[in-house]
Amino acid sequence: MPMVMTPEQNDWFSRMRGEWLSVMRPFDGYGPSALFQPLPALPPELLADCKLLPNRYAILPLLPKGGRVAEVGTQEGRFADHISAECRPEELHLFDIDFSPLTRRTDTELARTATLHEGDSANMLSRLPDDYFDWMYIDGDHSYAGVKRDVEVARTKVKPGGTLVFNDFVMWSPVECIDYGVPHAVCELALNHNFRFTHFALHQLMYCDVALRRPER
Ligand SMILES: C[S@@+](CC[C@H](N)C(=O)[O-])C[C@H]1O[C@@H](n2cnc3c(N)ncnc32)[C@H](O)[C@@H]1O
């Protein structure tokens, strides 16, 4: 049973589901629908080297140690702690529109040891040189427009041969009931700029991660 509801929640959800189906009309059979835009088809060569992993933590040991690393969207810094401990970057750059969740924590050194870039991530990233990072973790604004802006900057800030990892490769967030633009923005990156998928990491609620490699020049 993926969802565990009280009888009251179940009653309400049954009524709401009928209304959702009649108003939103998500299905036109199981093909493309007006509500959900289908993902563009990817040619097999962009997926040929992609390995399946159990979770996002399993990506970290496979990434280079040391070097320059960025996390776009840090919040409290819970995943950045893992990046720091596992990959020991020489430079760790964190980007967030608001670092107060991180700086409120007393159990992490990140606010002192990492470089904090506070503000809109695409804007802050654009101030750094091209080909700067060995790899980047992208987990900021999840709307299509927001991810697309991050992608368009990040794709030139990561070194040729470097890796972009994207969190929340899911079209619909079941927890928040909102659509996410990560899969579309990522597939467009692969198709338009020949970034190849290297890893697909599962998540317990299917908020999966994907990693893609920038082509060598
Ligand atoms: C899901 S949280 C990041 C969680 C973190 N990566 C982790 O796994 O522990 C998303 C973060 O992105 C930040 N964010 C959202 N839109 C942003 C933007 N346009 N520029 C910078 N940060 C943004 C939010 O403030 C939030 O802290």
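Just above sits the structure.
Residues numbered from 1 in each chain as written. Predicted model: local features only at pLDDT ≥ 70, side-chain atom pairs only at ≥ 80, totals over all residues.

Engineer: Would you mind going over the site of the ligand with me for this structure?
Structural biologist: Among the 16 residues in the neighbourhood of the ligand, the closest are listed as Gly73, Gln75, Phe79, Ser121 and Asp141. Elements with a minimum of two residues in the shell around the ligand: helix 2 (78-87) and strand 3 (91-96). (Near = placed C-beta within 6 Å. Helix = DSSP H or I, 4+ residues; strand = E, 2+ residues; numbered from the N terminus.)

Engineer: How should I be thinking about the sheet that holds strand 2 (residues 68-72) in this particular structure?
Structural biologist: As a general point, the strands of a sheet are linked pairwise by backbone hydrogen bonds and lie either parallel or antiparallel. Across the sheet, which stays open at both edges, the 8 strands sit in the order 1-9-10-6-5-2-3-4 with mixed pairing between neighbours. Looking along the sheet, the strands with just one partner apiece sit at the ends: strand 1 (51-53) and strand 4 (115-118). Direction aside, the axes of adjacent strands within the sheet are offset by 20° on average. Sheet topology places strand 6 (residues 158-166) next to strand 10 (residues 209-213); 4 bridges connect them, and they run antiparallel. Following the sheet pairing, Leu164 is matched in strand 10 by Leu212. Sheet strands touched by helix 6 (residues 144-157): strand 2, strand 5 (133-138) and strand 6. Its angle to strand 5, the strand with the most contacts, is close to 160°. Across the face of the sheet, helix 7 (residues 182-193) comes into contact with strand 6, strand 9 (196-201) and strand 10 while running at roughly 15° to strand 10. (Pairing = 2+ DSSP bridges. Axes fitted to C-alpha atoms, helices over the stretch in contact; angles between N-to-C directions. Contact = placed C-beta atoms within 7 Å.)

Engineer: Is there a simple way to explain unusual backbone geometry in this structure?
Structural biologist: In most cases, non-glycine residues show a negative phi, while peptide bonds are predominantly trans. For Asn194, which is not a glycine, the phi torsion comes out positive at approximately 60°. Mapped onto the elements of the fold, Asn194 is located in the loop between helix 7 and strand 9. Unlike most non-glycine residues, Met206 shows phi in positive territory, near 70°. Mapped onto the elements of the fold, Met206 is located in the loop between strand 9 and strand 10.

Engineer: How should I be thinking about the packing of helix 6 against helix 7 in this particular structure?
Structural biologist: Axis separation between helix 6 and helix 7 bottoms out at 8 Å; the angle between their running directions is 35°. With respect to the hand of their crossing, helix 6 and helix 7 are arranged in right-handed fashion. Across from Tyr144, Val147, Lys148, Val151 and Arg155 in helix 6, the residues of helix 7 making contact are Val182, His184, Ala185, Leu189 and His193. The residue makeup of the contact of helix 6 with helix 7, split by class, is 6 nonpolar, 2 polar and 2 charged. (Left-handed = near helix turned anticlockwise from the far one by under 90°. Nonpolar A, V, L, I, M, F, W, Y, C, P; charged D, E, K, R; others polar.)

Engineer: What should I look at first to understand the nonpolar core in this one?
Structural biologist: Across soluble globular proteins, nonpolar side chains have a tendency to be buried as a group. The biggest cluster of nonpolar side chains holds 40 residues, and the ones touching the most others in it are Met136, Ile138, Ala154, Leu164, Val165, Phe166 and Val186. With residues up to four places along the chain from it excluded, the contact list for Met136 reads Ala70, Val72, Ala154, Lys157, Val158 and Leu164. (Core = buried A, V, L, I, M, F, W, Y, C linked by C-beta atoms within 7 Å. Buried ≥ 20, exposed ≤ 12 C-beta atoms within 10 Å, placed from the backbone.)

Engineer: Is there a simple way to think about the environment of Gly162 in this case?
Structural biologist: Position of Gly162 among the secondary structure elements: in strand 6. Gly162 sits 147 residues away from Arg15 along the chain, and the two C-alpha atoms are 49 Å apart. If we skip the residues at most four places from it in the chain, Gly162 touches Phe133, Asp134, Trp135 and Arg214.

Engineer: Even after reading the chapter, I still don't get the environment of Thr108, so can you show me in this structure?
Structural biologist: If you trace the backbone, Thr108 turns up in the loop between helix 3 (100-103) and helix 4 (110-113). Residues Thr108 and Glu45 lie 63 residues apart in sequence; the distance between their C-alpha atoms is 41 Å.

Engineer: Can you help me understand the pairing of strand 2 in this one?
Structural biologist: Remark: a regular strand shows side chains that alternate across the two faces of the sheet. Taking burial as the measure, the 5 residues of strand 2 include 5 buried ones, the bulk of the element. Neither face of strand 2 is left uncovered, since the one carrying Arg68, Ala70 and Val72 and the one carrying Val69 and Glu71 both have all their residues buried. Bridging between strand 2 and strand 3 involves 5 bridges; their strand directions are parallel. Note on strand 3: the bridge partner recorded for Arg68 is Glu91. Remark: the strand 2/helix 2/strand 3 crossover connection has right-handed handedness. With 4 bridges joining them, strand 2 and strand 5 adopt parallel strand pairing. Bridge pairing in strand 5 places Ala70 opposite Met136. (Right-handed = clockwise from strand over helix to strand, strands pointing away.)

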